[in-house]
Amino acid sequence: MSDTDNQIKSEIDGADVVLFMKGTPVFPQCGFSGQVVQILSHIGVAFKGVNVLEDDGLRDGIKTYSNWPTIPQLYVKGEFVGGCDIIREMFEEGELRPYLAEKGISLLSDAE
Amino acid sequence: MPMSAGQLEQMIRQALPDAQVEITDLRGDGDHYAAHVVSAAFAGKSRVEQHKMVYDALKGGMGDELHALALQTGVPENNQ
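Predicted model only: the values in this text are computed from it and were never measured.

Caption draft 1: Spatial organisation of the interface of chain A and chain B. Taken together, the contact between chain A and chain B spans 16 residues of the former and 13 residues of the latter. Buried surface at the junction of chain A and chain B, summed over both partners, amounts to about 1,200 Å²; 57% is from carbon and sulfur atoms. For the pair chain A and chain B, the interface holds two salt bridges. Here Arg47(B) ties to Glu95(A) by a salt bridge, and the two come within 2.8 Å at their closest N and O atoms. Those elements that place two or more of their residues in the side of chain A that touches chain B are β4 (79-82) and α4 (84-92) of chain A. Here the element with the most residues in the side of chain A that touches chain B is α4(A); it accounts for four residues.

Here it is in structure tokens:
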């Protein structure tokens, strides 16, 4: 496994919900990354943002690692869930919350 | 080098001959499209697998020539 793959694996294993994105959750630098940040924030799920713009090796490595050609990429409990289209479709179809609940991910709104 | 809507549709059809393909040019720059692809080949496959089938059809073009492809996939009504 390459250093980049090890780096990616440790990021993915380091938090329940990990979003490889362009920019940061506070300052997304791409519309698609921003859309996923908005959705995750709206449903109140804590996540770690990994800015692939800071590391070209990571930016390309993640596409090979997941065999998915674009950024952003969302991982939940180590599993690749999808990019912007799929996360938005899951959200719009009302599938995202149940999916996260099934994975044992608590939502901030649950705590109300 | 950007990709034309026709090229995009042709590449998808080559990989998914039965597909109904609807391409929308989002910005007119050959770089930002939306595509709705319906094919019986998607039956029983997850969304991630379906989208990967379309990306594979673009033979590495996704993310290089093509910056953005808002993708929606589905199975024909009679296949559900």
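Now that the structure has been shown, the text picks up again.
Caption draft 2: Molecular detail of the side chain of Asn51(A). Residues and elements named next belong to chain A. Its place among the elements puts Asn-51 in strand β2 (residues 48-51). Assessed through its relative accessible area of 12%, Asn-51 is described here as buried. For Asn-51, the side chain forms a polar contact with the main-chain nitrogen of Gly-23, separated by 2.9 Å. Sequence-distant contacts of Asn-51, that is, excluding residues within four places in its chain, are made with Met-21, Lys-22, Gly-23, Thr-24, Gln-29 and Leu-58.

Caption draft 3: Broad picture of the sheet that holds β2(A). All names here are of chain A. Pairing in this open sheet of four strands is mixed, and the strands run β2-β1-β3-β4 from one edge to the other. Only two strands of the sheet have a single partner each, and these edge strands are β2 and β4. Each strand axis lies, on average, 30° off the axis of its neighbour in the sheet, ignoring direction. Pairing of strand β3 (residues 73-76) with β4, which is carried by three bridges, proceeds in the antiparallel orientation. Each residue of the ladder has a partner; that of Leu-74, found in β4, is Gly-82. Those strands touched by helix α2 (residues 31-43) are β1 (17-21) and β3, and its axis lies near 160° from that of β1. Strand contacts of α4: β3 and β4, with the helix running at about 75° to β4, the strand carrying the most contacts.

How each quantity is defined
- Residues numbered from 1 in each chain as written.
- Chains lettered and ligands numbered in written order.
- Predicted model: local features only at pLDDT ≥ 70, side-chain atom pairs only at ≥ 80, totals over all residues.
- Heavy atoms only, no water.
- Contact = heavy atoms within 4.5 Å.
- Buried area = accessible area lost by both parts, 1.4 Å probe.
- Salt bridge = Lys/Arg side-chain N within 4 Å of Asp/Glu carboxyl O.
- Helix = DSSP H or I, 4+ residues; strand = E, 2+ residues; numbered from the N terminus.
- Buried < 20%, exposed > 50% of the residue type's maximum accessible area, 1.4 Å probe, protein only.
- Polar contact = N/O pair within 3.5 Å; in protein donor to acceptor, adjacent residues only side chain to side chain.
- Pairing = 2+ DSSP bridges.
- Axes fitted to C-alpha atoms, helices over the stretch in contact; angles between N-to-C directions.

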